[in-house]
Amino acid sequence: MKRVVPTRMELLRMRKRLATATHGHKLLKDKLDGLMNEFREIVEDYKKARREVDEGLPEVLKLFVLAGITSSRQAVETAITQSSSSLSLDVTQARFMGVVVPKFAVHFEAGETTYSLLDAPSELDDATATLKEYFPRILQLAQLEETMRRMVDEIERTRRRVNALEHVMIPELRVTIKYISNKLDEQERSTTIRLMKIKDQRVKEERAAREAAMAKH
Amino acid sequence: MRYHVIADGDTVLGFKYAGIDGDVVESPQQARRIFQEVVKDQDVGVIIMTDRAAETIGEEVTRILYESRRPVIVSIPGPEGPSATRRSLAELIREAVGVKI
């Protein structure tokens, strides 16, 4: 325990700090509960999105493996060099409960089929269309993962603070307050006793003086 | 911002058709080199990696995921399906928060 001066001022100060700490503890605990509830919902969304991508995407990608085999290498390579990036990404930030989370938005730009339809096999068109459909889902997955990661950090931080208040700061303040009030009580008692003694002595002295005066007469 | 795919040939081909640039990687060294280059590019917001590509350079991927806010890395299953050894986010969360998902 830290050295404290056992005065009434200090006692009042410590009591105030205890009130603040208790209040803060309650607030942080509410925040933690809120974060956990929100987190559970996001986890559910994530599980669903992950399952969809894990189950569906390999099938789509297999179509490209097939296309790669059936069409000439030349045609595929031409297609690749001709297709430019037609998707762009918008990243904005959202906040909840003090956590900054990214929000992604996909933009499909005009001129989607950039490769020559004559050279490319038609299965490629289907495969490409399906992959484009999957793309927002992959992005959603990325967003959810990142959100979870950032929330985990915040949850840990909040939990540490709640624990520090609950198990260290508040008990320490209680002990200090108890110590100061004990000390003050003790001081009060000793002051009372001193006063009583002084009074006793004075009464004795006065009586002695009176008796001496009476003896003189 | 842009996306970038780091994966095997077929997957990169597919994404290129869909309009997303990517690099084909065939060895861990190559994967590491390309990954570092892409991470340095300030314009890349999301990196899409197949499980197999991500696993060869797992440490680097994890480091970027946890120490940097950009880019966001998402792993997807390749044509061969989801990897059985993928270290799932669920595990990490169970360790960190104690929530079972």
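Note that the structure is a prediction, hence the values are computed from the model and not measured.

Caption draft 1: The overall build of chain A, seen in detail. If you tally the helices and strands in chain A, you get 3 helices and 2 strands. Listing each helix as α and each strand as β along chain A from the N terminus yields α-α-β-β-α. Looking at chain A residue by residue over its 217 residues, the buried ones come to 20%. In chain A, once contacts between residues fewer than 6 apart in sequence are set aside, the share between residues at least 24 apart is 85%.

Caption draft 2: Representation of the overall build of chain B. Scanning chain B from terminus to terminus reveals 5 helices and 4 strands. Sequence-ordered secondary structure for chain B, helices as α and strands as β, is β-α-β-α-β-α-α-β-α.

Caption draft 3: Representation of the confidence of the model for chain A within the structure. The predicted model of chain A has a mean per-residue pLDDT of 82, with 81% of residues at 70 or higher. The weakest mean pLDDT in chain A belongs to helix α2 (residues 73-82) of chain A at 60; the strongest belongs to helix α3 (residues 122-216) of chain A at 89.

Caption draft 4: Geometry of the sheet that holds strand β4 (residues 72-76) of chain B. Residue and element names in this part refer to chain B. Read from one edge of the open sheet, 4 strands run β2-β1-β3-β4, paired in parallel fashion. Strands with a single pairing partner mark the edges of an open sheet, and in this sheet they are β2 (22-24) and β4. For this sheet the average axis-to-axis angle between neighbouring strands, irrespective of direction, equals 20°. On top of the sheet, helix α2 (residues 28-40) reaches β1 (2-7), β2 and β3 (44-50); it is set at about 175° to β1, its chief contact.

Caption draft 5: Structural view of the environment of B:Arg52. All names here are of chain B. With respect to the helices and strands, the residue arginine 52 is situated in helix α3 (residues 51-56). Between the C-alpha atoms of arginine 52 and isoleucine 64, which are 12 residues apart in sequence, the distance is 17 Å. Contacts of arginine 52, omitting those with residues within four sequence positions, involve Asp8, Gly78 and Ser83.

Caption draft 6: Spatial organisation of the nonpolar core. Ranked by internal contacts, the top residues of the largest apolar core, which has 47 residues, are B:Ile6, B:Val46, B:Ile48 and B:Val74. Put simply, the parts of the chain that give this core at least two residues each are α1 (8-70) and α3 of chain A together with β1, α1 (9-17), α2, β3, α3 and β4 of chain B. At 11 residues, the largest contribution of residues to this core is made by α3(A). Ignoring sequence-local partners within four residues, the contact set of B:Ile6 consists of B:Gly22, B:Asp23, B:Val25, B:Ala31, B:Ile34, B:Phe35, B:Val38, B:Ile47, B:Met49 and B:Ala53.

Caption draft 7: Highlighting α1(B). Residues and elements named next belong to chain B. α1 sits mainly inside the fold: 8 of its 9 residues count as buried. For α1, every residue scored as buried is listed here: Asp10, Thr11, Val12, Leu13, Gly14, Phe15, Lys16 and Tyr17. Phi turns positive, to about 100°, at glycine 19, one or two residues after α1.

Caption draft 8: Representation of α2(B). Residues and elements named next belong to chain B. In this model, α2 (13 residues) spans 18 Å end to end at C-alpha, consistent with the 18 Å of a helix rising 1.5 Å per residue. All of the buried residues in α2 are Ala31, Phe35 and Val38. Looking straight down α2, one finds its buried side chains confined to an arc of 70°; they lie on one side. Within α2, the exposed residues directed more than 90 degrees away from the buried face are Gln29, Gln36, Glu37 and Lys40. Among the structural elements, β1, β3, α3 and α4 (58-67) are those in contact with the buried residues of α2.

Caption draft 9: How the structure looks around the pairing of β1(B). Residues and elements named next belong to chain B. With respect to burial, β1 is a largely interior element, 5 of its 6 residues being buried. In this structure, β1 lies alongside β2, joined through 3 bridges in parallel fashion. Bridge pairing in β2 places isoleucine 6 opposite aspartate 23.

Caption draft 10: Examining the environment of A:Glu146 more closely. Note on placement: A:Glu146 falls in helix α3. Taking the number of C-beta atoms within 10 Å as the measure of exposure, A:Glu146 has 22 and is therefore buried. Linking A:Glu146 and A:Pro102, residues 44 residues apart in sequence, is a C-alpha distance of 7.4 Å. Beyond its immediate stretch of four places on either side in the chain, A:Glu146 contacts A:Val101, A:Pro102 and B:Val72.

Caption draft 11: Representation of the confidence of the model for chain B in the model. The pLDDT averaged across chain B works out to 76; a share of 82% of its residues lies at or above 70. Scoring of the predicted complex yields 0.74 for pTM and 0.82 for ipTM.

Reading the values: rules and limits
- Residues numbered from 1 in each chain as written.
- Chains lettered and ligands numbered in written order.
- Predicted model: local features only at pLDDT ≥ 70, side-chain atom pairs only at ≥ 80, totals over all residues.
- Helix = DSSP H or I, 4+ residues; strand = E, 2+ residues; numbered from the N terminus.
- Buried ≥ 20, exposed ≤ 12 C-beta atoms within 10 Å, placed from the backbone.
- Contact = placed C-beta atoms within 7 Å.
- pLDDT = per-residue confidence, 0-100.
- Pairing = 2+ DSSP bridges.
- Axes fitted to C-alpha atoms, helices over the stretch in contact; angles between N-to-C directions.
- Core = buried A, V, L, I, M, F, W, Y, C linked by C-beta atoms within 7 Å.
- Expected span 1.5 Å × (residues − 1).
- Arc of directions from axis to C-beta.

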